[in-house]
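Analysis of the macromolecular model
Letter by letter, the chains look like this.
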Amino acid sequence: MLTLANSLGYTYTGGALPAPLFSVNFDQEGTDDKMTFTETTFDTDGNITFAFWFKANAVPADSDYHGVFGRGFNFQAFIRIGNDGSITIESNTNHDTAQTSTAGWSKDTNWHHYAITIASGTVIIYVDGVSKAGVMTSNSLEDDTTLKQLGQVGTQASSKLDGKLYQVAIWSGTLAANEVSSIYNSGTPIALEEDSGDYSSSSSLIHHWKFDEGSGTSCADSAGSLTGTLTDDASFSSDIPGS
């Protein structure tokens, strides 16, 4: 048996590590809230999955969107969330859209889980464990996508993430629908480093920012080597899904 406690008084007793107990807040009261990491190129013409939890700090304006993953070129988006909770995948550095999901949620400030699976260029978007029909375009994803940051994808206030991220993860394979549902787990996150229930892809987890440091500016990558650095007012928060 294992007993753990952190500085906020959360305790856990059991035989396996729990999901992390912190998120990262990008409140955009500063001018440059983001998490940077070494510029890295991902094979988006092959099999890959991106997943994360997101909670908006405030109901976004109609013209706003939340930038999640930023490219390594001129702070452009790869994954962004619209004001209605829809999620858009940009196909290239020209801001051409590859696919946009139907609305995930309607202007709320609750935690929601997103997963984007890519299999040989075919994109499936999940919100809270459910696949969302979407609008596909003729713009195919680039074979390779270079990313370097979370939380800010442009210089305008309307393109910055104003909210919290939790358990940001990337797999070198395409998660099945039942695995995405298992990770969502009715709104209670699970640990991603070990298989559980229908989730069986822990061995394919290549990057995982758990945000369990709780203080400071460094965010370890528990599955790889892309240590993140928080800038400006980005900070850890005890507000997590299911709490």
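One can find the structure itself at the top, above this paragraph.
Residues numbered from 1 in each chain as written. Predicted model: local features only at pLDDT ≥ 70, side-chain atom pairs only at ≥ 80, totals over all residues. Heavy atoms only, no water.

Side note on the overall build of the protein
Selection criterion: Per the convention used, a helix needs a DSSP run of H or I reaching at least four residues, while a strand needs a run of E reaching at least two, with both numbered from the N terminus. A simple rule labels every residue: compare its accessible area, found with a 1.4 Å probe on the protein chains alone, to the largest value its type can have, and call it buried under 20%, exposed over 50%, or partly exposed in between. Residue contacts are defined here by distance: any two heavy atoms, one from each residue, within 4.5 Å place the two residues in contact. In these tables, accessible area is a Shrake-Rupley quantity obtained with a 1.4 Å probe, and a residue counts as shielded only by the protein chains included in the view.
Helix and strand content of the protein: one helix and 19 strands. A buried classification covers 51% of the 243 residues belonging to the protein. Restricting to contacts in the protein with at least 6 residues of sequence separation, those with at least 24 account for 66%. When the accessible area of the protein is evaluated, it comes to approximately 10000 Å², of which 45% is carbon and sulfur surface.

Concerning the packing of aromatic side chains
This is how it is decided: Aromatic contacts are taken between Phe, Tyr and Trp rings whose centres are within 6.5 Å, Trp giving its six-membered ring; a plane angle under 30 degrees counts as stacked, one over 60 as edge-to-face, and the others as tilted.
Within the structure shown, the criterion is met by eight aromatic pairs. Aromatic pair F52 and Y114: ring centres 5.5 Å apart, planes at 20 degrees, arrangement stacked. With a gap of 62 residues between them, F52 in strand β5 (residues 47-56) and Y114 in strand β10 (residues 111-119) connect regions that are remote in the sequence. For F52, a relative accessible area of 0% corresponds to the buried category. For Y114, a relative accessible area of 0% translates into the label buried. Ring pairing ties together the aromatic residues F42, F50, F69 and F78, which thus form one cluster.

Topic: the side chain of H208
Within the secondary structure, H208 sits in strand β16 (residues 205-209). A residue is classified by how much of its surface remains accessible, and H208, at 0% relative accessible area, is buried.

Observations regarding the sheet that holds strand β13 (residues 134-136)
Quick note on the threshold: Strand pairing is defined by DSSP finding a minimum of two bridges between the two strands.
In spatial order, the strands read β13-β9-β8-β7-β6-β14-β4-β18-β17; together these nine strands make up an open sheet with antiparallel pairing. Two strands lie at the open edges of the sheet, namely β13 and β17 (218-219), each paired on one side alone. The pairing of strand β9 (residues 97-101) with β13 spans three bridges and is classified as antiparallel. In the sheet register, T100 faces β13, and the bridge partner there is V135.

Section: helix α1 (residues 177-184)
Within α1, the full set of buried residues consists of E179, V180, S182, I183 and Y184. At its buried positions, α1 is contacted by β5, β10, β11 (122-127) and β15 (163-171).

Some points on the pattern of salt bridges
Worth spelling out the cut-off: By definition here, a salt bridge exists when the distance from a side-chain nitrogen of Lys or Arg to a carboxyl oxygen of Asp or Glu is within 4 Å.
Taken as a whole and assessed by the stated rule, the structure comprises four salt bridges. Note that K55 and D239 form a salt bridge whose closest N and O atoms lie 2.6 Å from each other. Of this pair, K55 sits in strand β5 while D239 sits in the segment after β19 (235-237); the two residues are 184 residues apart in sequence, bridging distant segments of the chain. On the basis of relative accessibility, which here comes to 18%, the residue K55 falls in the buried class. Notably, a salt bridge pairs R80 with E90, separated by 2.8 Å at the nearest N-O pair. Separated by ten residues along the polypeptide, R80 in strand β7 (residues 77-82) and E90 in strand β8 (residues 87-90) bring together distant segments of the chain. Both residues of the pair, R80 and E90, count as buried. Connected via shared salt-bridge partners are E193, K210 and D212.

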